[in-house]
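# Structural overview
Listed below are the residues making up each chain.
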Amino acid sequence: MSNTLDGKVVLITGASSGIGEATALALSAEGARVAVGARRVDRLEALASKAPDQMLALELDVTDQESVRAAIAKTVEHFGALDILVNNAGVMLAGPIAGADTTEWTRMIDTNLLGSMYTVHAALPHLLERKGAVVQVSSTSGRISSAGNGAYAATKFGITAFTEALRQEVTAQGVRVVAIEPGFVATELTDHITDPTMQAAAKDMAASMRTLQPEDIANAVVYAVTQPERVAVNEILIRPTDQT
Ligand code: NDP
């Protein structure tokens, strides 16, 4: 890739809100054509209407391999290629291990870990052809596990493992792989927590600091994918200044 995103084609998973939405806007502002995927199509269409020539709204459920393959195929059909995958879709259903509703574990593993693995698998032939890039949205929870966050952190540690193996397998073929590891970002992510104690803790945490904004993470993605071809930014850990 060159220094500009003009002519580059990006697919972003989980683009209907938060980090994915901000990243779609940031990459399209840099000239990229962006396919935006998620389950809430109304939100995607509202986003795509902001840059109709540059964005394509795609219904996508990353837990469904058929849906993933169809989204990649539609991206390539519509824009003619796929250069960059931003693997961002995720859910965080925080809660303690004892007494957990294990269907929430299944949902997180299916979405955050298996979903992102399926998406890499389906996108890789195109990325190899274009010497493209994979942006894996992990988390500080991909480096440090904490009480109440075991299953979510397990998915993000899993992403870290998969990402490093992927990097070793494709870097010689010119595909660059970067893990982005945000701390606390103000998004809808915590709204889905069902455990009342964890829900309250998330609200307290948000109120206690100047949180990151989705645009802060979008800026990190833009930085990573606009470096000269010889530069592979492999990992960006980015926390709010106020987060210990
Ligand atoms: P949001 O809840 O705003 O965004 C999550 C996105 O994932 C939504 O667009 C949602 O869309 C999508 N999504 C969820 N399930 C699926 C699915 N099965 N198929 C396709 N898309 C899906 O939260 P964030 O923007 O914060 O989260 C984005 C990523 O950033 C996640 O991977 C999260 O783990 C990570 N992250 C967030 C941090 C934070 O503090 N906010 C910190 C560190 C990492 P829809 O419901 O329409 O399908």
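One structure accompanies this document, and this report is about it.

Reading the values: rules and limits
- Residues numbered from 1 in each chain as written.
- Predicted model: local features only at pLDDT ≥ 70, side-chain atom pairs only at ≥ 80, totals over all residues.
- Axes fitted to C-alpha atoms, helices over the stretch in contact; angles between N-to-C directions.
- Helix = DSSP H or I, 4+ residues; strand = E, 2+ residues; numbered from the N terminus.
- Parallel < 35°, antiparallel > 145°, perpendicular 65-115°, else oblique.
- Left-handed = near helix turned anticlockwise from the far one by under 90°.
- Contact = placed C-beta atoms within 7 Å.
- Nonpolar A, V, L, I, M, F, W, Y, C, P; charged D, E, K, R; others polar.
- Near = placed C-beta within 6 Å.
- Expected span 1.5 Å × (residues − 1).
- Buried ≥ 20, exposed ≤ 12 C-beta atoms within 10 Å, placed from the backbone.
- Arc of directions from axis to C-beta.

## Examining the packing of helix H1 (residues 18-29) against helix H7 (residues 214-225)
Relative orientation of the contacting elements H1 and H7 amounts to 50 degrees, with a least axis distance of 8 Å. When the axis of H1 is compared with that of H7, the two are oblique. H1 and H7 meet at a crossing whose hand is right-handed. Between H1 and H7, the residues in contact are Gly18, Ile19, Glu21, Ala22, Thr23, Ala26 and Leu27 and Pro214, Glu215, Ile217, Ala218, Asn219, Val221 and Val222, respectively. Classifying every residue of the contact of H1 with H7 gives nine nonpolar, three polar and two charged.

## Quick notes on the site of the ligand
Taken together, 31 residues form the shell around the ligand, and within it Gly14, Gly18, Arg39, Arg40 and Gly90 come nearest. Mapped by element, the contributors of at least two residues to the shell around the ligand are H1 and helix H4 (102-130). Tallied by class, residues from the shell around the ligand come to 13 nonpolar, 14 polar and four charged.

## So, the environment of Thr63
Note that Thr63 resides in the loop between strand S3 (55-59) and helix H3 (65-79). As for Thr63 and Leu114, which are separated by 51 residues in sequence, their C-alpha atoms are 7.0 Å apart.

## Regarding H7
Its 12 residues give H7 an end-to-end C-alpha distance of 17 Å, which sits within 8% of 16 Å, the value for a rise of 1.5 Å per residue. For H7, the full list of buried residues reads Pro214, Ile217, Ala218, Ala220, Val221, Ala224 and Val225. Down the axis, H7 shows its buried residues gathered within 155 degrees of arc, on one side only.

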